[in-house]
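Residues per chain, in single letters:
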Amino acid sequence: QVQLVESGGGSVQAGGSLRLSCAEASGYAYNSMGWFRQAPGKEREGVAGIDSDGYTMYADSVKGRFTISKDNAKNTLYLQMDSLKPEDSGMYYCAAGRDGGLTRYGYVYWGQGTQVTVSS
């Protein structure tokens, strides 16, 4: 079965950086992968996505600060987060699917999440 495991979350000061990783333990051949986040009391939102051709997309709120990438040989997805702001805080989820994009409808497999907390 498809298994996505996130890691790399933690607590940082505003302006700091974190690098999240998502390991696809089963080795499933996916078409698209992405990162979502959810803060308490808010809906889950798409942060970044990448397809099998390496095409990337980002939410306007993180564009220029976050970078999504993947290592196909390692079956691992990454999210480099720089210049972090308190509003970036939340639970970050890795997702995989066929259609991709920045909406939940493009994904069917989800990890359990990793917490990111940014203090001012």
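First, a word on scope: everything that follows refers to the structure included in this document. (Residues numbered from 1 in each chain as written. Predicted model: local features only at pLDDT ≥ 70, side-chain atom pairs only at ≥ 80, totals over all residues. Heavy atoms only, no water.)

### Describing the pairing of strand β3 (residues 18-24)
Within β3, five of the seven residues are buried, leaving the element largely enclosed by the surrounding structure. Here strand β1 (residues 4-7) pairs with β3 via four bridges, running antiparallel. Across the sheet, the residue bridging to Val 5 is Ala 23, located in β3. With six bridges connecting them, β3 and strand β8 (residues 76-81) associate as antiparallel partners. Residue pairing for β8: Leu 18 is matched across the bridge by Met 81. (Buried < 20%, exposed > 50% of the residue type's maximum accessible area, 1.4 Å probe, protein only. Helix = DSSP H or I, 4+ residues; strand = E, 2+ residues; numbered from the N terminus. Pairing = 2+ DSSP bridges.)

### Observations concerning the packing of aromatic side chains
Within the structure shown, the criterion is met by three aromatic pairs. Consider the rings of Phe 36 and Tyr 107, whose centres lie 5.3 Å apart with planes at 85°: the pair is edge-to-face. Highlighted residues: Phe 36 in strand β4 (residues 32-38) and Tyr 107 in the loop between β9 (90-97) and β10 (109-110), separated in sequence by 71 residues. Each member of the pair, Phe 36 together with Tyr 107, is buried. A centroid spacing of 6.2 Å and a plane angle of 65° characterise the contact between Tyr 107 and Trp 110, whose relative ring orientation is edge-to-face. Using a relative accessible area of 4% as the deciding quantity, one classes Tyr 107 as buried. Judged by relative accessible area, which is 24%, Trp 110 ranks as partly exposed. Ring pairing ties together the aromatic residues Phe 36, Tyr 107 and Trp 110, which thus form one cluster. Above the plane of the ring of Tyr 93 lies Arg 44, whose end atom (NZ or CZ) is 3.9 Å from the centre. Sitting over the ring of Trp 110, Arg 104 keeps its end group 5.5 Å from the ring centre. (Phe/Tyr/Trp six-rings, centres within 6.5 Å; stacked < 30°, edge-to-face > 60°. Lys NZ or Arg CZ within 6 Å of the ring centre and 35° of its normal.)

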